[in-house]
Amino acid sequence: LLRSSQPLTGPNRRRCREDEKLLGTILDEGERGFIIDTRSAQAAKQARMSGGGTEPKSSYPQWRRLHRALDRGRQLQESFIRLVEACSDPSLSMDRWLARLDSSRWLGHVKAALSTACLAAQCLDREDSKVLVHGAEGTDTTLLVTALAQLILDPSCRTLEGFQGLLQREWIEAGHPFHLRCARSASSHARGKQEAPLFLLFLDCVWQLSRQFPFSLEFGEQLLLTLFDNAYASAFGTFLCNNEKERSVLCKVKESTHSLWAWLNQPEEKHKYLNPLYSHNPLVIWPSVEPQSIQLWQGLFLRWIRPSQHLDEAWAEIQKLVQGN
Amino acid sequence: MEFAELIKTPRADNVVLHCPFHLAVEGTLCLTGHHLIFSSRRQDNAEELWLLHSNIDSIEKRFVGSLGTIIIKCKDLRIIQLDIPGMEECLNIASSIEALSTLDSVTLMYPFFYRPMFEVLEDGWSSFLLEQEFELLSSVTNEWRLSCVNKEFSVCPSYPPVVIVPKSIDDEALRKVALFRHGGRFPVLSYYHKKNGMAMLRSSQPLTGTNGRRCKEDEKLINATLRSGRRGFVIDTRPLAVAQQARAKGGGFEQEVHYPQWRRIHKYIERFNILQESFIKLVEACNDQSHNMDRWLSKLEASNWLTHIKELLTAACLAAQCIDRESASVLVHGSEGTDSTLQVTSLAQIILDPRCRTIRGFEALVVREWLQAGHPFQQRCAQSAYSNSKQKWEAPVFLLFLECVWQIHRQFPCSFEFNEQFLIMLFEHAYASQFGTFLGNNENERAKLKLPQKTMSLWSWVNRPEELSRFQNPLYEANSLVIWPSVAPQSLQLWEGVFLRWNRPSKFLEEAEVERINIIKYNKELQAKVNALRRQLAEMEANEEVQEEP
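None of the values given here were measured: they were computed from a predicted structure.

*Asks:* Please explain the overall build of chain B as it appears in this structure.
*Replies:* Of the regular secondary structure elements, chain B holds 20 helices and 14 strands. Computed over C-alpha atoms, the radius of gyration of chain B comes to 26 Å, within 12% of the 24 Å expected from 2.2 N^0.38 for 550 residues, which places it in the range of a compact globule. Considered along the principal axes of its C-alpha atoms, chain B spans approximately 95 × 75 × 50 Å. Relative to its 550 residues, chain B shows a buried fraction of 57%. Put simply, 70% of the contacts in chain B that link residues at least 6 apart link residues at least 24 apart. A total accessible area of about 24,100 Å² is found for chain B, and carbon and sulfur atoms account for 52% of it. Charged side chains in chain B number 62 positive and 68 negative. The centres of these two groups are separated by 8 Å.

Quick look at the structure:
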């Protein structure tokens, strides 16, 4: 599974032999690969006007391109804001609530992300083909797809340690611009341009997986909530800045801050985040992406609205029992 | 009438069965008087499917060349497909199934023919008698009495032979009140709240009519439940306009001038026929394979099912609040008093009374507030969401109640002794069962059909330890609280366990549940070991002390 950003083909159909060679050597003789472009075919085509574009068939003959449009940026942020607004009014009638849930389109984004990740995973696991994923910048929907695909395919990403490694690798080091994306959340009045809840969308998809496969993830919902919190506001340096360059050169994050992982992995903290039902599952886990299977992540979106005291107690009880045993 | 007359082809070979979550399998199909049986001759383990004809809602036939396909849609929402070679065979089987699944007479149904293969330890027909309830009641209060005025079912055909009424009202008065209430359903005690002595009564609408009829005995009856100087609440499950219009047809509502101490609240609950349409739309949305999120959400909304859930929960919370918070007595009724009335009173008891959250307490609740109270199960559960024929009396009123219980269960996972499977089991048996519990529309009919003598009770089977263990909630911790569910729309979720049961594989969720039970069982075993070791240690220490003495 490879990832990149869009090729700068531009209106003059630029070529880069080295790029073609790189992608060419990955495939064996006669083998086919898939390029999953997270933009619609139209958007990808239009990108050429501003210097971007797609891999032309003639230069990349062994690669077949699939378009799976995933929303990002302003649209995703608006979706998030509308959902949170709908959730915050418990006095709504059921009709109004469902209508607003629908018009927020958030669940549609979850479905699209999971579907695309499944597609990438299928190409790798079922079609035995290599896959290249990219959108425009390669820092948002690209990472969403590659990270989710790895959770589907690779059981080691589903352990607590493996998941942290996945986050570190596919989100933090890969250069998802956390500082820009998580500058503002759903209640901000300022309508910025760079905020978008891509990472939250990823966590939501992971939660959907944990619901459909209650035994297969070593961690529970509490970890996902903690990650969401820390991405937006944190005492730790892990989610600061936009990329490794900023972290090491500009802010010297490693030297001047504490790591979230160091804190989470302490024995006293760790047990809170473990899933008591976990049992190692070496298989590929294929989530259902039927709309009926995708649910609103109540633990996050209704966290401060409906009292979950009893559910928390029930969860704590299970954990206590497992530890006691 | 012999069943054999209806079966054109009792057996067909080389039939392929398509069942949810199973691969297509080939085998033999057999039709008996009550069951459709499919058995496959596989090497590893013989798979058998036994389907009660009474569980079949509708069938469709399709032909491709000489291969016929029958699609069977069941009342429990399962859809199975049978591929039958040979057009004539297929047609014969289809018409046999249709005939066997649309029998009119109750006495032809399976419960009359079922012979249990288990030892009957407890006769469920006499497990939950009203006399026993009354005994419990009279240990805390002596304001009530058991009346046998209806023992021949002559006063109210849909009521049980004994009812609990205020002590100060005699049988003569009850007869007069029965003439003043729709269908003779005079106000009776539904629930007594021990904490503050408040009562919840239920009835049907008063027959005020356009002339403003009154019945002094009716007024006296419900006033008898009020403490001096206190007010009561009448919760009418019809909107005000509908209640007013009812007068033109002889019905009506309690007028303020005659019932000055009672304040009337209209808390609208959908009528049963609308509920059936909702049910059909919802199931259709769940089966929609179009993969489109917008379509799913808008179809879900258009079905209005979740709205009904919210309405019912709100009304039940209101009744519970009047009793527990306002310390007022409550009278609940709609028009006939057999549908929304019972939904509200039984759900309110789940909120108020911890006993109703135990397994036996819940069974007693269902028997008291639904079966004995005369909810017309035979009519309501004749057809489910896949029925083709014209609907008239069918409606998932009981299912809506079960779902509301599930919503509360989800919000309070430690407060119920039973689990989700228990509720799903009750839903299934209400529509099709080998037991006679849900047959008939009221106690009158059940007595005439001699159900307690001729059929087995569901409770006899469920309450056996082997069965009961499947339905227990491992997280249950008895508490004596009133539990107030959230009715915010965001808190209410679709009951996947019923509506998406056959659409999405729930194998993992079920396994997770089993694992939870195992964890808790193991914990109990370890705890027992610890206790035993502690006792041993204590004994050893005691012996040592004894030996130390000279």
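Okay, back to it.
*Asks:* Looking at this structure, how should I read the packing of helix 4 (residues 94–104) of chain A against helix 9 (residues 305–324) of chain B?
*Replies:* A pair of packed helices can be characterised by two numbers: the angle between their axes and the separation between those axes. Where helix 4 of chain A meets helix 9 of chain B, the closest approach of the two axes is 9 Å, and the angle between their N-to-C directions is 140 degrees. Classed by the angle they form, the pair helix 4 of chain A and helix 9 of chain B counts as oblique. Helix 4 of chain A and helix 9 of chain B meet at a crossing whose hand is right-handed. Counted together, A:M94, A:D95 and A:L98 of helix 4 of chain A and B:L306, B:T307 and B:K310 of helix 9 of chain B form the full contact between these two elements. Broken down by class, the residue content of the contact of helix 4 of chain A with helix 9 of chain B amounts to three nonpolar, one polar and two charged.

*Asks:* Explanation requested: the pairing of strand 6 (residues 67–74) of chain B in the structure shown.
*Replies:* Every other side chain in a regular strand lies on the same face of the sheet, so the side chains alternate between the two faces. All names here are of chain B. By the criterion of burial, strand 6 is predominantly enclosed, with six of the eight residues buried. Judged from the eight bridges that link them, strand 5 (residues 56–64) and strand 6 form a sheet pairing that is antiparallel. When the sheet's bridge partners are listed, K61 is paired in strand 6 with I70. Turn length for the strand 5-strand 6 hairpin, with the two strands adjacent in sequence and antiparallel, is two residues, and the turn residue G65 shows positive phi of about 65 degrees.

*Asks:* Can you help me understand the sheet that holds strand 12 (residues 232–236) of chain B in this one?
*Replies:* In sheet architecture, strand pairing relies on hydrogen bonds along the backbone and comes in two forms, parallel and antiparallel. All names here are of chain B. Spatially, 10-11-14-12-13 is the arrangement adopted by the five strands of the open sheet, whose pairing is mixed. Of all strands in the sheet, those bounded by a partner on one side alone are strand 10 (188–193) and strand 13 (262–266). The average undirected angle you get between the axes of adjacent strands in this sheet is 20 degrees. In terms of strand pairing, strand 12 meets strand 14 (residues 329–333) through five bridges, oriented parallel.

*Asks:* Honestly, the environment of B:H333 in this entry has me stumped. Any pointers?
*Replies:* All names here are of chain B. Topologically, H333 is positioned in strand 14. Here the alpha-carbon distance between H333 and A364, two residues 31 residues apart in the chain, equals 21 Å. H333 has contacts with R181, S203, S204, Q205, P206, V234, I235, D236, T237, R238, E254 and T341, leaving out every residue within four places of it along the chain. Side chain to side chain, H333 and E254 meet in a polar contact 2.9 Å long.

*Asks:* Looking at this model, I keep getting lost on the packing of aromatic side chains. Mind explaining?
*Replies:* Aromatic rings in a pair are described by how distant their centres are and how their planes are angled relative to each other. Residue and element names in this part refer to chain B. Taken as a whole and assessed by the stated rule, the structure comprises 41 aromatic pairs over all chains. Ring geometry for F422 against F471: centres 5.6 Å apart, planes inclined by 65 degrees, an arrangement best described as edge-to-face. One end of the pair, F422, is in helix 14 (residues 420–431); the other, F471, is in the loop between helix 18 (465–468) and helix 19 (496–499), and 49 residues separate them in sequence. Accessibility assignment for this pair places F422 and F471 in one class, buried. Through a chain of ring-to-ring contacts, three or more aromatic side chains come together here, namely F362, W370, F377, F398, F401, F416, F418, F422, F438 and F471. Above the ring of F272, the side-chain terminus of R380 is found at 3.7 Å from the ring centroid.

*Asks:* Before we go on, may I ask you to explain empty space enclosed by the protein in this structure?
*Replies:* Take a probe with the size of a water molecule and roll it over the atoms, and the empty space left behind shows itself. Throughout the structure, instances matching the rule amount to eight cavities of 30 Å³ or more. Counted as a void, the largest cavity has a volume near 270 Å³. In terms of lining residues, the largest cavity is bounded by 20 residues, among which A:Q295, A:L296, B:L300, B:Q493 and B:L494 are the most central. Within the residue set of the lining of the largest cavity, elements represented by two or more residues are helix 4 of chain A together with helix 8 (293–303) of chain B. Top element by residues in the lining of the largest cavity is helix 8 of chain B. It accounts for four residues. As a volume, the second largest cavity reaches approximately 70 Å³.

*Asks:* Would you take a moment to explain unusual backbone geometry for this structure?
*Replies:* Among all residues save glycine, negative phi is the norm, and among peptide bonds the norm is trans. Notably, A:K252 is not glycine yet its phi reads approximately 45 degrees, a positive angle. Within the secondary structure, A:K252 sits in the loop between helix 11 (244–250) and helix 12 (253–256). Since its relative accessible area comes to 45%, A:K252 is described here as partly exposed. Backbone geometry at B:F153 places phi at a positive 60 degrees, although glycine is not the residue there. Assignment of secondary structure puts B:F153 in the loop between strand 8 (144–147) and strand 9 (163–166).

*Asks:* Whenever I open this one, the nonpolar core confuses me. Can you help?
*Replies:* One broad trend across soluble globular proteins is that nonpolar side chains are buried collectively. Counting 170 residues, the largest nonpolar core has A:F163, A:F202, B:F362 and B:F499 as the members making the most contacts within it. In terms of residues, this core owes the most to one element, helix 9 of chain B, which gives 13 residues. B:W144, B:V165, B:L221 and B:Y259 belong to the second largest nonpolar core, which has 32 residues in total.

*Asks:* In this structure, what is going on with the layout of surface pockets? I would like to understand it.
*Replies:* All names here are of chain B. Considering only enclosed or pocket space, the second largest pocket measures out at about 750 Å³ in volume. Residue lining of the second largest pocket: 34 residues in total, with K75, S101, L103, M109 and A382 positioned closest to the centre. Elements with a minimum of two residues in the lining of the second largest pocket: strand 5, helix 2 (87–101), helix 12 (377–380) and helix 14. When residues of the lining of the second largest pocket are assigned to their parent elements, the largest contribution, four residues, is made by strand 5. For the lining of the second largest pocket, the class distribution of residues is 17 nonpolar, 12 polar and five charged. Looking at the lining of the second largest pocket, you find at least three residues from each of domain 1 (3–103) and domain 2 (132–431).

*Asks:* Hey, could you run me through the sheet that holds strand 1 (residues 2–3) of chain A in this one?
*Replies:* All names here are of chain A. In spatial order, the strands read 1-4-2-3; together these four strands make up an open sheet with parallel pairing. Looking along the sheet, the strands with just one partner apiece sit at the ends: strand 1 and strand 3 (63–67). Taken together, the two bridges between strand 1 and strand 4 (residues 130–134) define a ladder with parallel strand orientation. What sits directly across from R3, in strand 4, is V133.

*Asks:* Looking at this structure, how should I read the UniProt feature "domain: Myotubularin phosphatase" (unreviewed entry) in chain B?
*Replies:* Here, UniProt's "domain: Myotubularin phosphatase" (unreviewed entry) annotation points to residues 124–499 of chain B. End C-alpha to end C-alpha, residues 124–499 of chain B measures 29 Å, and it is 43% helix and 9% strand.

*Asks:* What am I meant to see in the UniProt feature "domain: Myotubularin phosphatase" (unreviewed entry) in chain A here?
*Replies:* The UniProt entry lists residues 1–301 of chain A under the feature "domain: Myotubularin phosphatase" (unreviewed entry), expressed in the numbering used here. Counting secondary structure, residues 1–301 of chain A comes out at 49% helix and 6% strand; the distance between its end C-alpha atoms is 32 Å.

*Asks:* Just to check I follow, could you spell out the pattern of salt bridges for this structure?
*Replies:* Any two side chains of opposite charge can pair if their charged atoms end up close together. Residues and elements named next belong to chain B. Taken as a whole and judged by the stated rule, the model has 43 salt bridges over all chains. The salt bridge partner of R78 is D76, with a shortest N-O separation of 3.4 Å. What emerges from the salt-bridge pattern is a single network uniting E133, R202, R355, R368 and E369.

*Asks:* In this structure, what is going on with the interface of chain B and chain A? I would like to understand it.
*Replies:* Put simply, an interface is often sized by how much accessible area is lost when its parts join up. If you look at the interface, chain B gives 43 residues, while chain A gives 42 residues. When the two sides are added together, the surface that chain B and chain A hide from each other amounts to roughly 3,800 Å², 63% of it contributed by carbon and sulfur. Between chain B and chain A we count two salt bridges in total. Put simply, B:D294 and A:R105 hold a salt bridge, and the shortest N to O gap is 2.6 Å. Put simply, the parts of the chain that give the side of chain B that touches chain A at least two residues each are helix 7 (272–287), helix 8, helix 9, helix 13 (397–411) and helix 20 (507–548) of chain B.

*Asks:* Sorry, what's going on with the environment of B:I269 here?
*Replies:* Residues and elements named next belong to chain B. Here I269 is to be found in the loop between strand 13 and helix 7. Note on I269: relative accessible area 4%, which makes it buried. Spatially, the C-alpha atom of I269 lies 5.3 Å from that of T237, the residues being 32 residues apart in sequence. Setting aside its immediate chain neighbours within four residues, I269 contacts T237, E311, L312, A315, S340, Q343 and V344.

Criteria and cut-off values
- Residues numbered from 1 in each chain as written.
- Chains lettered and ligands numbered in written order.
- Predicted model: local features only at pLDDT ≥ 70, side-chain atom pairs only at ≥ 80, totals over all residues.
- Heavy atoms only, no water.
- Helix = DSSP H or I, 4+ residues; strand = E, 2+ residues; numbered from the N terminus.
- Rg over C-alpha atoms; globule rule 2.2 N^0.38 Å.
- Buried < 20%, exposed > 50% of the residue type's maximum accessible area, 1.4 Å probe, protein only.
- Contact = heavy atoms within 4.5 Å.
- Areas by Shrake-Rupley, 256 points an atom, 1.4 Å probe, with all protein chains shown as cover.
- Lys, Arg positive; Asp, Glu negative; His and termini not counted.
- Charge placed at Lys NZ, Arg CZ, Asp CG, Glu CD.
- Axes fitted to C-alpha atoms, helices over the stretch in contact; angles between N-to-C directions.
- Parallel < 35°, antiparallel > 145°, perpendicular 65-115°, else oblique.
- Left-handed = near helix turned anticlockwise from the far one by under 90°.
- Nonpolar A, V, L, I, M, F, W, Y, C, P; charged D, E, K, R; others polar.
- Pairing = 2+ DSSP bridges.
- Polar contact = N/O pair within 3.5 Å; in protein donor to acceptor, adjacent residues only side chain to side chain.
- Phe/Tyr/Trp six-rings, centres within 6.5 Å; stacked < 30°, edge-to-face > 60°.
- Lys NZ or Arg CZ within 6 Å of the ring centre and 35° of its normal.
- 1 Å grid on protein atoms, 1.4 Å probe; cavity = no way out; pocket = protein on both sides within 12 Å on 5 of 7 lines; lining within 4 Å.
- Points joined across faces, edges and corners; volume = space filled by probe spheres on them.
- Core = buried A, V, L, I, M, F, W, Y, C linked by side-chain atoms within 4.5 Å.
- Domains from an automatic or database assignment.
- UniProt positions renumbered as here; feature names shortened; annotations may be inferred.
- Salt bridge = Lys/Arg side-chain N within 4 Å of Asp/Glu carboxyl O.
- Buried area = accessible area lost by both parts, 1.4 Å probe.

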